[in-house]
Amino acid sequence: MPKGFRTEDGPRPDYACRFGMRETSSTSYRSRTKQNVIESDGTVIFSGPLLAGGSLLTKRLCDDLGKPCLVLGFPTSNDQSKLFVDWLASHQVRVLNIAGNRESNSPGIEGFVFDFLVGALKEP
């Protein structure tokens, strides 16, 4: 997380205990994004039809650092679960960086991503 546990809704130092998050040395979202890509085995980005802002930055960082990246649509009408699970397996992803649009810019994305991940990662 950016220094000061900076979020769109204000500081959230409780995330350190709740989720094991660590601060970066900068208040910049850019350095947080880069660190997330570095520390993960792969990144999945949930986005609308065009990547922009932090999602575009994340994709570029994955490309520059040679890290696997999968872009999945939001909203989507087709089931992308198999594609996602196969991608995880083929890249041997153990630490997954999840990125994408903010809820404030894409209403409903938080619930969609949660439901998608829970459904896709359930044991068959």
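Residues numbered from 1 in each chain as written. Predicted model: local features only at pLDDT ≥ 70, side-chain atom pairs only at ≥ 80, totals over all residues. Heavy atoms only, no water.

Novice: Could you clarify how one ought to interpret the sheet that holds strand 2 (residues 69–73) in this entry?
Specialist: By definition, the strands of a sheet pair up through backbone hydrogen bonds, in either a parallel or an antiparallel sense. Reading across from one edge, 2-1-3 is the order of the three strands in this open sheet, with parallel pairing throughout. Either end of the sheet is taken by a strand with one partner, and the two such strands are strand 2 and strand 3 (96–100). For this sheet the average axis-to-axis angle between neighbouring strands, irrespective of direction, equals 20°. Bridge count between strand 1 (residues 42–47) and strand 3: five bridges; the pairing is parallel. Note on strand 3: the bridge partner recorded for Thr 43 is Asn 97. Packed on one face of the sheet, helix 4 (residues 81–90) meets strand 1, strand 2 and strand 3 and runs near 175° to strand 2. On the sheet, helix 5 (residues 109–121) packs against strand 1, strand 2 and strand 3 and is oriented at approximately 135° with respect to strand 1. (Pairing = 2+ DSSP bridges. Helix = DSSP H or I, 4+ residues; strand = E, 2+ residues; numbered from the N terminus. Axes fitted to C-alpha atoms, helices over the stretch in contact; angles between N-to-C directions. Contact = heavy atoms within 4.5 Å.)

Novice: Explanation requested: the layout of surface pockets in the structure shown.
Specialist: Where empty space is left becomes clear once a probe the size of a water molecule has been rolled over the atoms. The volume enclosed by the largest pocket comes to roughly 2,000 Å³. Lining the largest pocket are 46 residues; nearest its centre among them are Met 21, Arg 32, Asn 36, Ile 98 and Ala 99. Of all the secondary-structure elements, those providing two or more residues to the lining of the largest pocket are helix 1 (14–19), helix 2 (29–39), helix 3 (53–65), strand 3 and helix 5. At seven residues, helix 2 tops the list of elements feeding residues into the lining of the largest pocket. Considering only residue class, the lining of the largest pocket consists of 17 nonpolar, 16 polar and 13 charged. (1 Å grid on protein atoms, 1.4 Å probe; cavity = no way out; pocket = protein on both sides within 12 Å on 5 of 7 lines; lining within 4 Å. Points joined across faces, edges and corners; volume = space filled by probe spheres on them. Nonpolar A, V, L, I, M, F, W, Y, C, P; charged D, E, K, R; others polar.)

Novice: How should I be thinking about the nonpolar core in this particular structure?
Specialist: In summary, soluble globular proteins display a tendency toward joint burial of nonpolar side chains. Core analysis: the largest hydrophobic core is formed by 14 residues, its most contacted members being Phe 46, Leu 72, Phe 84, Phe 116 and Leu 117. Within the residue set of this core, elements represented by two or more residues are strand 1, strand 2, helix 4 and helix 5. With sequence-adjacent residues up to four places away left out, Phe 116 is seen in contact with Phe 46, Leu 72, Gln 80, Ser 81 and Phe 84. Residues Ile 45, Cys 62, Cys 69 and Ala 99 belong to the second largest nonpolar core, which totals seven residues. (Core = buried A, V, L, I, M, F, W, Y, C linked by side-chain atoms within 4.5 Å. Buried < 20%, exposed > 50% of the residue type's maximum accessible area, 1.4 Å probe, protein only.)

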